[in-house]
Amino acid sequence: HYFSEEGKSLDGLVRTAMSEIGFSVEDGPDLNSYAVLRYSNRVAILMTKASTGVVSDRDARQVEVWKSHYESYTEQLPKGILVVNAHKQLDITARGRECFTPEFISYTGATNICSLTTTQLVGILMDLKGNPKNREKVMNMLLDANGPISGYDEPLNYLVPRSAA
């Protein structure tokens, strides 16, 4: 479902995944279209986006709107995290990192927004199931990254049994 869902279904799946990773997950103020993630003394705004193509800087700008919205309620500027189900109509093995435009990468890199694909999110979950000691590293990666994260983008490494790959 991580690879075909959109809207509230995708949002629910991603919220559950973030909870499994180790975040405390809550609705945003006024029950807006984002979730608030907490870990230790850090806070992030989570937004999901499904697309049949690439994701543009316009999508990242919406994360900035939600970050400002959250800050207006709490006086704390959060990290932005955008999880993208790009090329949702394609088979999982046909997808790649080409889901982010150069403008998107530039914008998120300059505005404290971490971005990742649902493929990468599943890779993180699978890694943590086998290596729970990596939790702290993964949490810090998501909270420190500006722009697309690196790694976890080879779905065959964790979605296909080793004997079949």
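Attention here is on the structure that accompanies the text. (Residues numbered from 1 in each chain as written. Predicted model: local features only at pLDDT ≥ 70, side-chain atom pairs only at ≥ 80, totals over all residues. Heavy atoms only, no water.)

## Focus: the overall build of the chain
Scanning the chain from terminus to terminus reveals six helices and six strands. In the chain, buried positions account for 49% of the 165 residues. When contacts within the chain are restricted to residue pairs at least 6 apart in sequence, long-range pairs at least 24 apart make up 68% of them. If you sum the accessible surface of the chain, you get close to 8100 Å²; carbon and sulfur atoms cover 50% of it. (Helix = DSSP H or I, 4+ residues; strand = E, 2+ residues; numbered from the N terminus. Buried < 20%, exposed > 50% of the residue type's maximum accessible area, 1.4 Å probe, protein only. Contact = heavy atoms within 4.5 Å. Areas by Shrake-Rupley, 256 points an atom, 1.4 Å probe, with all protein chains shown as cover.)

## Considering helix α5 (residues 135-144)
Two residues of an α-helix separated by three or four positions point the same way, owing to the 3.6 residues in each turn. Of the positions making up α5, those classed as buried are Val138, Met139, Leu142 and Leu143. In an axial view of α5, the angular spread of the buried residues amounts to 125°, which keeps them on one side of the axis. (Arc of directions from axis to C-beta.)

## A closer look at unusual backbone geometry
Although it is not a glycine, Ser40 adopts a positive phi angle of roughly 55°. Located in the positive-phi region is Glu75, a residue other than glycine, with phi close to 60°. Along the polypeptide, Glu75 turns up in the loop between α2 (57-74) and β4 (79-85). When its relative accessible area of 76% is taken as the criterion, Glu75 is described as exposed.

## Digging into the pattern of salt bridges
For the coordinates displayed, the defined rule picks out seven salt bridges. Members of the salt-bridge network, linked through shared partners, are Asp11, Arg15 and Asp27. (Salt bridge = Lys/Arg side-chain N within 4 Å of Asp/Glu carboxyl O.)

## Observations regarding the nonpolar core
Ranked by internal contacts, the top residues of the largest apolar core, which has 27 residues, are Met18, Ile21, Phe23, Ile81, Leu116, Ile124 and Leu142. Looking at this core, the elements that each hand over two or more residues are α1 (7-21), β2 (35-39), β3 (42-50), β4, β5 (113-117), α4 (118-130) and α5. In terms of residue count, the dominant contributor to this core is α1 (five residues). In contact with Ile81, other than residues within four places in its own chain, are Met18, Leu37, Ala44, Ile45, Leu46, Met47, Val63, Cys114, Leu116 and Leu142. Of all hydrophobic cores here, the second largest spans 17 residues; its members include Val36, Val63, Phe104 and Ile113. (Core = buried A, V, L, I, M, F, W, Y, C linked by side-chain atoms within 4.5 Å.)

## Some details on the sheet that holds strand β1 (residues 24-27)
A sheet is described by the order of its strands in space; here six strands give the open sequence β1-β2-β3-β4-β5-β6, paired in mixed fashion. This sheet does not close on itself; its edge strands, each paired only once, are β1 and β6 (147-148). Docked against the sheet, α4 engages β4 and β5, running at close to 85° with respect to β5. (Pairing = 2+ DSSP bridges. Axes fitted to C-alpha atoms, helices over the stretch in contact; angles between N-to-C directions.)

## Quick notes on the environment of Leu128
Relative to the helices and strands, Leu128 resides in helix α4. Classification of Leu128 as buried rests on a relative accessible area of 5%. Counting along the chain gives 108 residues from Leu128 to Glu20, while the straight-line C-alpha distance between them is 9.1 Å. Here Leu128 is in contact with Ile21, Asn134, Arg135 and Val138, once residues within four sequence places are set aside.

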